[in-house]
Amino acid sequence: MNDKLSTIQRIFRDVLDEPDLDVDESFSMQDHEDWDSVATVQIVLAIEESFGKRLSTDEVAEISSVADILRLF
Amino acid sequence: MSLSKHKFSLENIEKLSASNIIPLISAIEPDELLEFYDYVIDNSDEYNKKDHYLLRDNLRRFPKNDTSIFQKRLEHNSDWQKTSLGKVIIAEALHLEKQNVEAIKVWHETADSIKECNAYANLALARLYRELDYFELAYLALKSSSTATNDYYTLTQIAKVLKKLVKKSPPLEITKIKLAILSTSTTSLILPILHAKAFSNNILLEIYESPYGNLKQDIMNPESGLYKFQPEFIILYCHWRDLKLSILTEDSDRIVTETVKEWKSYWDLLNGRLNCQILQHNFDLSATDSLGYIGHSNISGRTRTIRRINEELLLQKTQSVHIVDFDNIAANFGRLQWDELSNWLRAQQYPNTNALSDLCESYMSLIRSVLGASSKVLVLDLDNTLWGGVIGEDGLGGIKIGPPSPTGEAFSAFQEYILELKQRGIILAVCSKNNEADAKLPFEKHDGMVLKLNDFIVFKANWLDKATNLIEIAKEINVGIDSLVFVDDNPFECKLVRSKLPMVKVVQLPETPSEYIHGLHHGKFFESISLSNDDINRNKSYKSNIERQHHLDSSTSLEEYLDSLKMESSHDKFNELVMERVTQLINKTNQFNLTTRRRNIDEVRKLTESKKWWTQWFRLSDQFGDNGLIGIVICKIIDTCWEVDTLLMSCRVIGRTMEDFMLNTIIDAAIISGATEVRGIYIESAKNNLVADFYPSKGFILDDNNEINSESVSVHTLNIQYINRSKSHIEDKGI
C-alpha cells in the first residue's frame, strides 16, 4: 500500500468511523452507506490538510471513489 | 539505528528534534520500526497531535511474527511510559491489539495527564465502552469528550459515536428536541457539530434541514417538509452576504426597514403555523469591507448599515424570537479566520468549520435558557481559585489577591466578574477544603478582596468530599443539583465531581489566573433570554430563605413557625405587567408543577382574552422579605366544572402552605362563578414526582372513568359543594 493510500485509508476510517475499514482504489460511494456528500467534504478537508493541496469546487463535485481522490491529489 | 541506507545517519539525526524525524517514518522498514519508535518517543518533549497521528497510523506496519518485544513496550514500567507521546502510543497500541481492559486504563491516565489529548482519549474510551456494552460509561466519556473540545474533526467523530450509541441503547435522562435549520447556504457540515454540542448540554436532537438554499420556499409553503416536521426550535441561518449590500447604500433607511420587515414576515408566518421558538442570526460585519473607515462612519456605509439592521432586528423581535449574536461570535473567533473564502467558494460553507463549535454553543445556551435549564448557582473553591496560594499555609500576608502584583490583580478581576454574575441574579456559594475560620479570614481581613462573606448564600469550608458538600449546598438553597456550576483549580476535585455528580457543570480553571474569566465565561452557563426584577432580587430572596431556615430551627412546632412568618399573598388575573414573569415561570418550573404544560407569551396572552379561562398569579411575602411572583394557576371552565390546566409554584417557597392558599383561591373563585366541581390533572414528568400525590392528599377523588387517564396522567375531582379546606397560614391581601 503506498503512502497516499494509507493516509487516505486512515482518513476514511476516521470519517466513516470504522477503525478496521480497508479501502482500495475501487472503493466508491456505493460501497458504504455513510459515505454521503457531507462525508465527501469532510474527507476532502482532511486530505487537503495532510497533502497541503486544495481542490476546486468542480473537482470536489467529481469525487465518487478513492480512484478519483488519488487522481486529484 | 541502521538508517544509513536511507541516507540518514544517527549522528545527523540526533541534531534534529523528534518532531522533525517522525515525518520520515514512511521511509523506515517494518523491521526497524521498533527502534525508530524507541528513539523518537524517548526524545520527544511536549505532546502534539501530528506526531501522535503519524505514530498511530504506522502501528499497523509492525511485523506480526514476533510481538513479544513489542509487548514489552506496552507494559506498565516501560520506557515509553515516561513521555506523553509514549503513553498515548501505548494506549493506541493496546486498543489496536484489542487488550481492552489495559487500553481503558491507559486512556484514563492519558485523559487525566495530557490536557491536549483529553477529548481524544475520552472519545477512545467512549468507543471502547460501547464495544464492551458499558453504555452508561460510554455516555459519560463521550460527554467529557464533547465538553473538552471545539475541534471540528473531533466533534464530527463524537457525533458518529453518539449516533451508534443511541441506536444501541438510548440515553435515559436527556431532553429530546426537534430542531429545524433553515439556511441560505450549506448546513450539512454543521449538523454533526449541532448533535455533539447538544449532547454536551444534555440534549438529544432530531434535526430537519431545509433543502439547499430553500429557506424562503420552506417557510412560505404550508405543505413544506418544515411544517410536516413540526419543530420546536428553528434556526434561521444567514450571514452578511445574504443582505447583498453594495459598499454605499443610497437609501439606507429604507434598506434597514425593508430587510427587517422581510425577516419579520418569516417570523410571523412561522409563529402562525407552528408553536416554536426561533433563533435568528443577526448579520456579521464583513471582515474586508473595501470602504474601510467610511464603511463604518458614513450613514450609507455597508458596515454601518449592517449595524443598524442588527439594532432593528432587536427592536422588532417578538417574545418567541431570539437573536443569535452571530456578529459577536465572529468577532470573538477572529473575523479574518471566520470569513474563510475557500470553503465558501467551494462548498457554500460559512463560516470557517472550526468556528462552528462556538456557534453551536451559542445556540445551545439560548435553547437551554428557553427551556429554563440555565444554571442558577455558582459554587467556588477558595485556594488558588479566588486568591493565589493556600490560606491555611501561607496565611493572610502570604496569599495573592489585589494590587500591586499582577497575579493578585488577576484574582481580583476574576472576583469582579463573579460579583457581576451575582448582580444579575446568580447565586454564589463556597465549597472549599479548609478550616472554616481560615477560609473566612481573607473575606474579613484582606483589603484586596472584592467579594465579601455576605455575597455568598452558603459557605461550606470543611474536610468532607466536595460531592457531598455540593449535594448539601443544593439542598440548602433548594435547587436541583443540575443547576450548579462548580469551579475549582484542582483536577482531582473536578474529576471527582464529574464522576460522582455528572449533572453538575464542572469548570476546571486554566493554569494562569489571568485566564480564569475566559475559562468560566466560555461555557455560557448562565445565559438567559430575559432579565426580570425577580432575577435581580433573587439573591436577597434566597438569603431570606436561609434566615427563615434558622428561624425554623428555633421554633418549637411547624405550625407555630408558619404563623410566626406572618406571610401575605397578593394575587390577580394575568395582565401585561406580569406577562413576562408568568411566561418565564410556566416554562421553567419543573418540580412543583402538576402538568408541566409550557406556553409562549402569545399563548398566555390569548388565555386572558377568553372567557373560557380563569388565570391567576400569586406573590408571597413575609417578615423576611418579598419572594416575588411565585405561583401560577390556569383553569379551563367547562360548564360547572373548573379544570386545573396549570398549577405551579416556584420551588423556593415549597413547604410554606402556599399550595393550599392557591387551591383555596381556586375553590373560592369556582364557587362564586357557580361551579360545582374542580378537576385536577396530574401529568407525570421526569422532575415532578414531588406532587404525584398532591390531589389525593387534598381530598380529591381519582376519576377512574375518565378516558384521559393513562400510565402518566391521572384525573381527580373534588366536589366543592361540601368540602373541608386545607388550612393555609397565609393571609389574603387580595390584589
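None of the values given here were measured: they were computed from a predicted structure.

A.B. asks: When you look at the overall build of chain A in this model, what are you seeing that I'm missing?
C.D. replies: A tally of regular secondary structure across chain A gives 4 helices and 0 strands. Taken from the N to the C terminus, the helices and strands of chain A come in the order α-α-α-α. Relative to the compact-globule value of 11 Å for 73 residues, chain A shows a C-alpha radius of gyration of 11 Å, a close match. Each of the three principal axes of chain A carries a C-alpha extent, and together these read 30 × 25 × 20 Å. Scored against the burial criterion, the 73 residues of chain A give a buried share of 27%. Within chain A, contacts between residues separated by at least 24 positions form 53% of all contacts whose residues are at least 6 apart in sequence.

A.B. asks: Would you mind going over the overall build of chain B with me for this structure?
C.D. replies: Scanning chain B for helices and strands turns up 32 helices and 18 strands. Here the C-alpha atoms of chain B give a radius of gyration of 30 Å, agreeing with the 27 Å that 2.2 N^0.38 yields for 735 residues. For the C-alpha atoms alone, the extent of chain B along its principal axes is close to 100 × 70 × 60 Å. Out of the 735 residues in chain B, the part that is buried amounts to 40%.

A.B. asks: Sorry if this is basic, but what is going on with the interface of chain B and chain A here?
C.D. replies: Often, the extent of an interface is quoted as the loss of accessible area on bringing the components together. Every contact between the two is made by 14 residues of chain B and, on the other side, 15 residues of chain A. Counting only elements with at least two residues in the side of chain B that touches chain A, the list comes to helix H10 (152-168) and helix H19 (341-347) of chain B. Per-element tally for the side of chain B that touches chain A: the top contributor is H10(B), with 5 residues. For the side of chain B that touches chain A, the per-class residue count stands at 5 nonpolar, 6 polar and 3 charged.

A.B. asks: Please explain the domain arrangement of chain B as it appears in this structure.
C.D. replies: We note that the domain assignment places domain 1 (4-159), domain 2 (174-370), domain 3 (390-521) and domain 4 (565-734) within chain B. Between the C-alpha centres of domain 2 of chain B and domain 3 of chain B there is a distance of 37 Å.

A.B. asks: Which parts of the structure should I look at to understand the sheet that holds strand S5 (residues 321-324) of chain B?
C.D. replies: Each strand in a sheet pairs with its neighbour through backbone hydrogen bonds, running either in the same direction (parallel) or in the opposite one (antiparallel). Residue and element names in this part refer to chain B. The 5 strands lie next to each other as S2-S1-S3-S4-S5, forming an open sheet whose pairing is parallel. One side of each edge strand has no neighbouring strand; the edge strands of this open sheet are strand S2 (203-209) and S5. On average, each strand axis in the sheet is tilted by 25° relative to the strand beside it, whichever way the strands run. Running at roughly 155° to S5, helix H20 (residues 356-370) makes contact with strand S1 (175-183), S2, strand S3 (233-237), strand S4 (277-281) and S5 of the sheet.

A.B. asks: So what exactly am I meant to see when it comes to the pairing of S1(B) here?
C.D. replies: Working note: regular strand, side chains alternate between the two faces of the sheet. Residue and element names in this part refer to chain B. Pairing geometry for S1 and S2, over 7 bridges, is parallel. When the sheet's bridge partners are listed, Ala 180 is paired in S2 with Tyr 208. Read as a crossover between parallel neighbours, the route from S1 over helix H11 (residues 191-200) to S2 is right-handed. Note that S1 and S3 share 5 bridges and pair parallel. When the sheet's bridge partners are listed, Ala 180 is paired in S3 with Ile 234.

A.B. asks: Hey, could you run me through the sheet that holds strand S10 (residues 505-508) of chain B in this one?
C.D. replies: Residues and elements named next belong to chain B. Read across the open sheet, the 5 strands follow the order S8-S7-S6-S9-S10; overall the sheet is parallel. Each of the sheet's edge strands pairs with one partner strand only, and the pair in question is strand S8 (456-462) and S10. Between one strand axis and the next, the sheet turns by 20° as a mean value, whatever way the strands run. Sheet topology places strand S9 (residues 484-488) next to S10; 4 bridges connect them, and they run parallel. Across the sheet, Val 485 pairs through a bridge with Lys 505, a residue of S10. Along the sheet face, helix H24 (residues 466-477) touches strand S6 (377-380), strand S7 (427-433), S8 and S9 and points at about 155° away from the line of S8.

A.B. asks: Looking at this structure, I do not really get the packing of helix H17 (residues 326-333) of chain B against H20(B). What am I missing?
C.D. replies: Each pair of packed helices can be described by the angle between their axes along with the distance between the axes. All names here are of chain B. Two elements in contact, H17 and H20, have axes separated by 10 Å at closest approach and are oriented at 140°. Between H17 and H20, the angle is such that the two are oblique. Both H17 and H20 take part in a crossing whose hand is right-handed. The segment H17 lies against H20, with Ile 329, Asn 332 and Phe 333 engaging Asp 358, Leu 359 and Ser 362.

A.B. asks: Would you take a moment to explain the confidence of the model for chain A for this structure?
C.D. replies: If pLDDT is low for a region, its predicted coordinates should not be looked at in detail. Summing up the model confidence of chain A, the mean pLDDT is 85 and the portion of residues at 70 or higher is 97%. Mean pLDDT values over the elements of chain A span from 81, in helix H3 (residues 57-62) of chain A, up to 92, in helix H4 (residues 66-72) of chain A.

A.B. asks: So what exactly am I meant to see when it comes to unusual backbone geometry here?
C.D. replies: Residue and element names in this part refer to chain B. With omega at -5°, the peptide bond leading from Tyr 350 into Pro 351 counts as cis. Among the structural elements, Pro 351 can be located in the loop between H19 and H20. Notably, Lys 98 is not glycine yet its phi reads approximately 60°, a positive angle. Within the secondary structure layout, Lys 98 lies in the loop between helix H6 (84-96) and helix H7 (100-113). The class for Lys 98 is exposed, based on 10 C-beta atoms found within 10 Å. The backbone phi angle of Asn 478 is positive, close to 70°, even though this residue is not glycine. Within the secondary structure, Asn 478 is located in the loop between H24 and S9. Taking the number of C-beta atoms within 10 Å as the measure of exposure, Asn 478 has 17 and is therefore partly exposed.

A.B. asks: Which parts of the structure should I look at to understand helix H3 (residues 33-43) of chain B?
C.D. replies: Since one α-helical turn is 3.6 residues long, residues separated by three or four positions face the same way. Burial in H3(B) covers these residues: Phe36(B), Tyr37(B), Val40(B) and Ile41(B). Across the axial projection of H3(B), the buried residues extend over an arc of 115°, all falling on one side.

So, how was this worked out
Numbers given to residues run from 1 along each chain, matching the order in which its sequence is written. Just so you know, chain letters begin at A and ligand numbers begin at 1, following the order they were written in. It should be noted that, the model being predicted, local features are given only for residues of pLDDT at least 70 and side-chain atom pairs only at 80 or more, the latter also being counted only at that level, while totals for whole chains, interfaces and linings use all residues. Numbered from the N terminus, helices here are DSSP runs of H or I no shorter than four residues, and strands are runs of E no shorter than two. All radius of gyration figures rest on C-alpha atoms, and the globule criterion is 2.2 Å times the number of residues raised to 0.38. Put plainly, a residue is buried at 20 or more neighbouring C-beta atoms within 10 Å of its own, exposed at 12 or fewer, and partly exposed in between, counting only other residues' C-beta atoms, which are placed from the backbone. What counts as a contact here is a pair of residues whose C-beta atoms, placed from the backbone, lie within 7 Å. The nonpolar class holds Ala, Val, Leu, Ile, Met, Phe, Trp, Tyr, Cys and Pro. Asp, Glu, Lys and Arg form the charged class, and all remaining residues, Gly among them, are polar. As used throughout, domain bounds are those supplied by an automatic or database domain assignment. Here, any two strands with at least 2 DSSP bridges between them count as paired. For helices, the fitted axis covers only the stretch in contact; all axes are lines through C-alpha atoms, and the angles between them, taken along N-to-C directions, range from 0 to 180 degrees. Seen with its strands pointing away from the viewer, a crossover is right-handed when the path leading from the first strand over the helix to the second is clockwise. Roughly parallel refers to an angle under 35 degrees, roughly antiparallel to one over 145, roughly perpendicular to one between 65 and 115, and oblique to any angle outside these ranges. In this scheme the handedness of a crossing depends on how the near helix is turned from the far one: anticlockwise by less than a right angle means left-handed, clockwise means right-handed. What pLDDT expresses is the predictor's confidence in each residue, scored from 0 to 100. By definition, the arc is the one covered by directions from the helix axis to the C-beta atoms.

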